[in-house]
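Here is what each chain is made of, one letter per residue.
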Amino acid sequence: MRRHEPRLLIYSQDGLGLGHMRRTSLLAAEFLRQVPGASALTLSDSPLGQYFSTAPGHDFLKLPSIRKSGPGEWEAVSLSASFRDVLGLRRRLIATAVREFDPDILLVDHMPHGAMGELVPALRKLRGHRAHVVLGLRDIIDDPGVVRRRWTAEGAYEALEEFYDEVLVYGSSDVLDVASEYAWPQGPSQRLAYAGYVCGRPHPRARRLAVVSDGCAEGNGRARQDPMRPPTVVVVAGGGADAHPMMAGVLDAAEAVHEETGARFELVTGPFMPREKVAELRRRSKQLPMTDLRRRVHGRGRVARADLVVSMAGYNTTIELLNDGTPALLVPRSGPSAEQRIRASLFAQRGWVHWLDPDLLGSSAVADAIVGALSTPLSPAVGTDLGGRTTAVARLTSHLESWPKLELEPVGT
């Protein structure tokens, strides 16, 4: 006899960003679409709380916020208590949520052991339990050498081998072989499956080449819609906490780009950029060919219809640009992780994006990169698997064999 409705519990650590929260929110909504009447609960520590709109049946439990200050180094975002005390509180909250929510599926985002091993006590309590425990992992984590050292030092490999029934990689083995690059043990390697890249629905007014069956785009090689109109360059930064150098570099180059191409710029700084930095950019932009500067995106249509988007190279922003077919110039963060630099380089090698090394943010280099990106078409990302949202959740729901699921229609229809 079923004790409760199907339940999905998601652990998502995302102290000063939006990427993990965006991805897990998409997966929770898709889970509830595929399993009507189910419940999804996300454990998240974003300072913004429940930032993205959610589906009926989905709720959030806010953990005290922490952030990564370097490889293996963490600190509390808001509380004045010691990190040790904050970590202990988070560990107890997680264990209580796992026990009381009693999930059928536990989806752990990104860290098999949790921040500084905080998930391990809860994972131990689930051993022998009916819950199906899954690690959901973006394909590019960091420099492989750094990942191997940190995962060894923090016990992530042991957690991966001991606690997980399945690993879903939100990416493609053609771009990066996770098990090989990060030196996974044989057992977890055999339980690994690539789901494809996780993205939302393409914007209805996105100008893309083709659409696959679930509504995610297959191309980004479009031409400018109106060559007689001055191009629009939209500069976005995800959460924006560390985006000021990129934004400042674009402003330094804006006048030169405008003189050569007639382009006008729109900046979206992101909700985590410090207000004094936003104010500085706003003051500088008043003398430049700008049409708008704001902290948050109000409607994805601006980005989807841009002639070029200049962006940092976070997972979600990059994949949604491919999904909408919007030409992109990626300027990855310089650190502390090499994740964005690796993603920008690998995607640029395939002709899906343009990219600029973050160590080259002088005005001339930025201007040349933007002018070049406006004038150089990208290769269509044909064959890129952008159906990860439905594929990943279909694998999760396959473990709810006795629960009737929807006869799914393609998402984009």
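My aim in this report is to walk through the structure given alongside it, one point at a time. (Residues numbered from 1 in each chain as written. Predicted model: local features only at pLDDT ≥ 70, side-chain atom pairs only at ≥ 80, totals over all residues. Heavy atoms only, no water.)

Let's talk about the overall build of the chain
Looking only at helices and strands, the chain has 14 helices and 15 strands in total. Of all 413 residues assigned to the chain, the portion counted as buried reaches 57%. Look at the contacts in the chain between residues 6 or more apart in sequence, and 74% of them connect residues 24 or more apart. Carbon and sulfur atoms make up 49% of the accessible area of the chain, which totals about 17,000 Å². (Helix = DSSP H or I, 4+ residues; strand = E, 2+ residues; numbered from the N terminus. Buried < 20%, exposed > 50% of the residue type's maximum accessible area, 1.4 Å probe, protein only. Contact = heavy atoms within 4.5 Å. Areas by Shrake-Rupley, 256 points an atom, 1.4 Å probe, with all protein chains shown as cover.)

A closer look at unusual backbone geometry
At the junction of glycine 335 and proline 336, the peptide bond is cis and its omega measures out at 5 degrees in the coordinates. Inspection of the secondary structure puts proline 336 in the loop between strand 14 (328-330) and helix 12 (339-349). The backbone of methionine 116 shows a phi angle near 55 degrees, a positive value even though the residue is not glycine. Mapped onto the secondary structure, methionine 116 falls in the loop between strand 6 (105-109) and helix 3 (120-126). Phi at alanine 183 is positive, roughly 55 degrees, even though this residue is not glycine. Structurally, alanine 183 can be placed in the loop between helix 6 (178-181) and helix 7 (186-190).

Section: the side chain of threonine 318
Among the structural elements, threonine 318 can be located in helix 11 (residues 315-324). Judged by its relative accessible area of 1%, threonine 318 is buried. In this structure threonine 318 touches Met312, Ala313, Leu330, Arg343 and Phe347, once residues within four positions along its chain are discounted.

Remarks on the sheet that holds strand 12 (residues 290-294)
The sheet built from six strands is open, its strands ordered 12-11-10-13-14-15 with parallel pairing. Each of the sheet's edge strands pairs with one partner strand only, and the pair in question is strand 12 and strand 15 (354-355). Relative to strand 14, strand 13 (residues 308-311) runs parallel, the two being bridged by three bridges. Looking at the pairing, serine 311 lines up with leucine 330 of strand 14. (Pairing = 2+ DSSP bridges.)

Some details on the environment of threonine 391
Here threonine 391 shows up in helix 14 (residues 388-397). Residue class for threonine 391 comes out partly exposed when judged on its relative accessible area of 33%. C-alpha separation for the pair threonine 391 and glutamate 30, spaced 361 residues apart in sequence, amounts to 10.0 Å. A distance of 3.1 Å separates the side chain of threonine 391 from the backbone oxygen of glycine 387, its partner in a polar contact. (Polar contact = N/O pair within 3.5 Å; in protein donor to acceptor, adjacent residues only side chain to side chain.)

Describing the packing of aromatic side chains
A full pass over the atoms with the stated rule returns five aromatic pairs. Seen from their ring centres, tyrosine 197 and tyrosine 315 are 6.0 Å apart, and the 45 degrees between their planes marks the pair as tilted. Here the residue tyrosine 197 occupies a position in the loop between strand 9 (192-194) and strand 10 (232-236), and tyrosine 315 occupies one in helix 11, the gap between them amounting to 118 residues. In this structure tyrosine 197 comes out as buried when scored by relative accessible area, which is 2%. For tyrosine 315, a relative accessible area of 3% translates into the label buried. Ring plane angle 85 degrees and centroid distance 5.9 Å describe the contact between tyrosine 197 and phenylalanine 347, whose orientation is recorded as edge-to-face. Note that tyrosine 197 is positioned in the loop between strand 9 and strand 10 and phenylalanine 347 in helix 12, a separation of 150 residues in sequence. Comparing tyrosine 197 with phenylalanine 347 shows no difference in burial state: the two are buried. (Phe/Tyr/Trp six-rings, centres within 6.5 Å; stacked < 30°, edge-to-face > 60°.)

Some words on helix 1 (residues 19-34)
Counted at 1.5 Å a residue, the expected span for helix 1 with its 16 residues is 22 Å, and the 23 Å between its end C-alpha atoms agrees. Counting buried positions over the 16 residues of helix 1 gives 13, a clear majority of the element. (Expected span 1.5 Å × (residues − 1).)

Observations regarding the pattern of salt bridges
Summed over all chains, the structure comprises 22 salt bridges. For the salt bridge of glutamate 30 with arginine 33, the shortest nitrogen-to-oxygen distance reads 3.1 Å. Taken together, the residues span about one helical turn, with glutamate 30 and arginine 33 both in helix 1 at a distance of three residues. A relative accessible area of 3% places glutamate 30 in the buried class. Overall, arginine 33 belongs to the partly exposed group, its relative accessible area being 23%. (Salt bridge = Lys/Arg side-chain N within 4 Å of Asp/Glu carboxyl O.)

Examining the sheet that holds strand 7 (residues 132-138)
Taken together, seven strands build an open sheet; the order of strands is 3-2-1-6-7-8-9 and the sheet is parallel. Strands with a single pairing partner mark the edges of an open sheet, and in this sheet they are strand 3 (58-62) and strand 9. On average, each strand axis in the sheet is tilted by 20 degrees relative to the strand beside it, whichever way the strands run. Of the pairings in the sheet, the one linking strand 7 to strand 8 (residues 166-170) comprises five bridges and is parallel in character. In the sheet register, arginine 138 faces strand 8, and the bridge partner there is tyrosine 170. Against the sheet, helix 1 makes contact with strand 1 (7-12), strand 2 (39-44), strand 3, strand 6, strand 7 and strand 8, and its axis sits at roughly 175 degrees relative to strand 1, the strand it touches most. Of the strands in this sheet, strand 6, strand 7, strand 8 and strand 9 are in contact with helix 14, which crosses strand 8 at around 170 degrees. (Axes fitted to C-alpha atoms, helices over the stretch in contact; angles between N-to-C directions.)

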